[in-house]
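Below are the chains, spelled out letter by letter.
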Amino acid sequence: MIFVTVGTHEQPFNRLVKAVDDLKLSGKITDSVFIQTGYSTYVPKACEYKDFITMNQMSDYMQRARVIITHGGPSSFIMALQLNKIPIVVPRMAKFNEHVNDHQVTFCNELVERKFPISVVQQTRNLGSVIDGAFHRNTHENIKLNNKKFVYYFQNIVAELID
């Protein structure tokens, strides 16, 4: 199963919802797919979906999923990491009216540079191949998260981005 979450930001994230639905429609994704669509206006044709779900439901979907795809908000992809799963992260972009600026792109790129275990996809045309790669890697490797160390580094990253 593939689980997709776009978070709760009030701007639609149609680009991601449609890209996943198109992959399912074309048969490039054969697993079942559940998408938390948020305020997106695109209605999936081939995937199960709901606009909003509870934290318990999100946790359940993430635990069951072979692949997790999230927006660039840290709480979603950190939840996946805590389950020892490497998430595919598609940051929202201002040029598509998905967010007010490109802070998710900047933040995700910074995390990749610092070797955080996430796969960032900025161009949805690349999503299918990244999903294929995720199916072939061992997503249950023991990802070492040290919360105190993470918080320290996270605060430094945020401080640098604000300056």
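Before reading on, note that the structure itself is shown above.
Described below are features of the structure shown in this document.

What counts, and where the lines are drawn
- Residues numbered from 1 in each chain as written.
- Predicted model: local features only at pLDDT ≥ 70, side-chain atom pairs only at ≥ 80, totals over all residues.
- Heavy atoms only, no water.
- Pairing = 2+ DSSP bridges.
- Helix = DSSP H or I, 4+ residues; strand = E, 2+ residues; numbered from the N terminus.
- Contact = heavy atoms within 4.5 Å.
- Axes fitted to C-alpha atoms, helices over the stretch in contact; angles between N-to-C directions.
- Buried < 20%, exposed > 50% of the residue type's maximum accessible area, 1.4 Å probe, protein only.
- Right-handed = clockwise from strand over helix to strand, strands pointing away.
- 1 Å grid on protein atoms, 1.4 Å probe; cavity = no way out; pocket = protein on both sides within 12 Å on 5 of 7 lines; lining within 4 Å.
- Points joined across faces, edges and corners; volume = space filled by probe spheres on them.
- Nonpolar A, V, L, I, M, F, W, Y, C, P; charged D, E, K, R; others polar.

1. What about the sheet that holds strand S5 (residues 88–89)?
In space, the six strands of this open sheet follow the order S3-S2-S1-S4-S5-S6, with parallel pairing throughout. Where the open sheet ends on each side, the last strands, each with one partner, are strand S3 (48–50) and strand S6 (119–120). As judged from the two bridges shared by strand S4 (residues 67–70) and S5, these two strands associate in the parallel manner. For isoleucine 69, the partnering residue across the bridge sits in S5 and is isoleucine 88. This element, helix H2 (residues 55–64), spans strand S1 (2–5), strand S2 (33–36) and S4 of the sheet and lies at about 140° to S1.

2. Quick word on the pairing of S1
Covered by surrounding structure in S1 are Ile2 and Val4 together with Phe3 and Thr5, the residues of both alternating faces. As judged from the four bridges shared by S1 and S2, these two strands associate in the parallel manner. Note on S2: the bridge partner recorded for phenylalanine 3 is phenylalanine 34. Read as a crossover between parallel neighbours, the route from S1 over helix H1 (residues 14–25) to S2 is right-handed. Pairing of S1 with S4, which is carried by four bridges, proceeds in the parallel orientation. Its bridge partner being in S4, threonine 5 is matched across the sheet by threonine 70.

3. Quick look at the layout of surface pockets
The volume enclosed by the second largest pocket comes to roughly 210 Å³. Around the second largest pocket, the lining residues are Thr5, Gly7, Thr8, Gln36, Phe52, Ile53, Met55, Met58, His71, Ser75, Ser76 and Met79. Sorting the residues of the lining of the second largest pocket by element identifies H2 and helix H3 (74–82) as the ones contributing at least two each. When the residues that make up the lining of the second largest pocket are grouped by side-chain class, the tally is five nonpolar, seven polar and no charged.

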